[in-house]
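# Descriptive analysis of the structure
What follows is each chain in one-letter form.
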Amino acid sequence: MERELEKAKRGLFRNISRKIDSQAVVDAMKRVPREEFVPPPTRHMAYLDIPLAIGEGQTISQPYIVAMITAALGLRGNEKVLEVGTGSGYQAAILSLLLPHGRIITVERIPSLADRARSLLRELGCANVEVKIAGTTLGWPEDGRYDAIVVSAAAPSLAGELVDQLAPGGRMVVPVGSLERQELVECHRTGEGLSLRMLGPCRFVPLLGPGAFPRPQN
Ligand code: SAH
């Protein structure tokens, strides 16, 4: 890796480690080459703590936000996890390392992004990740219920379709709010129902389609 990039990477993870109290998550993130998930012209920016454009009007999320979401899931390593919004595949690659005995299903609505993510994840050896193209229902109900769900796009509400896909005891992290601004919500499915915790403000691209924001007309 180029010197400058390495320096930026060290700085980024120094900052993230100060704010995130999961060494396992920070270690997994350090092992994923974010520079491979961004378009080549922005490679030099791969370790800035910002989202970057990945084509089709979509973005790879900000590393600090990815760290916060992943840490909130409290994974043990053998869970079945759903990600909604594969994008570049970066979040899925991190989950892959944290789930050596688990399985990740990641769903994307834009086929070209799904294809690119699938081949990159295969190249990087993330054999426990399956990339699916979104169907008519939000999420991926075909594989039963999940121990954890990460929603990597902004939802207008705590989508009932996704809550239904959460196993008892499971956790979901989802940005909920308007198109411009959301709050990151951690949702824990307990015996009594759902318990919610607010993790902080964030800004994601919209979750589109049934159960989410209406799809653009063109
Ligand atoms: N986690 C990604 C960032 C994703 S950006 C990464 O690490 O790079 C959000 C993605 O959600 C976009 O690619 C967008 O196309 C996708 N998306 C939006 N609505 C969706 C839906 N209903 N189902 C699946 N994917 C969706």
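Going by the structure above, here's the rest.
To start, this report covers the structure provided alongside it. (Residues numbered from 1 in each chain as written. Predicted model: local features only at pLDDT ≥ 70, side-chain atom pairs only at ≥ 80, totals over all residues. Heavy atoms only, no water.)

### Remarks on the overall build of the protein
Broken down by element type, the protein carries six helices and nine strands. The principal-axis extents of the C-alpha atoms in the protein amount to approximately 50 × 40 × 35 Å. Going through the 218 residues of the protein one by one, you find that 50% of them count as buried. When contacts within the protein are restricted to residue pairs at least 6 apart in sequence, long-range pairs at least 24 apart make up 53% of them. In the protein, 26 positive and 24 negative side-chain charges are present, and the distance between their average locations comes to 4 Å. (Helix = DSSP H or I, 4+ residues; strand = E, 2+ residues; numbered from the N terminus. Buried < 20%, exposed > 50% of the residue type's maximum accessible area, 1.4 Å probe, protein only. Contact = heavy atoms within 4.5 Å. Lys, Arg positive; Asp, Glu negative; His and termini not counted. Charge placed at Lys NZ, Arg CZ, Asp CG, Glu CD.)

### Some words on the pairing of strand S7 (residues 166–177)
Pairing between strand S6 (residues 146–151) and S7: four bridges, direction parallel. From the neighbouring strand, Val150 faces S7, where its bridge partner is Val173. Alignment of S7 against strand S8 (residues 182–190), held across seven bridges, turns out to be antiparallel. When the bridges of S8 are listed, Met172 appears paired with Cys187. Between S7 and the antiparallel strand that follows it, S8, lie four residues. (Pairing = 2+ DSSP bridges.)

### A short note on the site of the ligand
Looking at the ligand, there are 26 residues lining it, with Glu83, Ser88, Gln91, Glu108 and Leu208 nearest. Within the side chain of Glu108, one N or O atom sits 2.6 Å away from an oxygen atom of the ligand. Between the ligand and the protein, one listed contact pairs a nitrogen atom with a backbone N or O atom of Arg109 at 3.3 Å. Computed on the free molecule, the ligand has an accessible area of 580 Å², of which 98% lies beneath the protein chains in the complex. At a threshold of 2 Å from the grid points, most atoms of the ligand map onto the largest pocket. Within the residue set of the shell around the ligand, elements represented by two or more residues are strand S2 (58–60), strand S3 (80–84), helix H4 (90–98) and strand S4 (103–108). Looking at the shell around the ligand, the element that brings in the most residues is S2, giving three residues. Split into classes, the residues belonging to the shell around the ligand amount to 13 nonpolar, 10 polar and three charged. (Near = heavy atom within 4 Å. Polar contact = N/O pair within 3.5 Å; in protein donor to acceptor, adjacent residues only side chain to side chain. Areas by Shrake-Rupley, 256 points an atom, 1.4 Å probe, with all protein chains shown as cover. 1 Å grid on protein atoms, 1.4 Å probe; cavity = no way out; pocket = protein on both sides within 12 Å on 5 of 7 lines; lining within 4 Å. Sits in = over half its atoms within 2 Å of the grid points. Nonpolar A, V, L, I, M, F, W, Y, C, P; charged D, E, K, R; others polar.)

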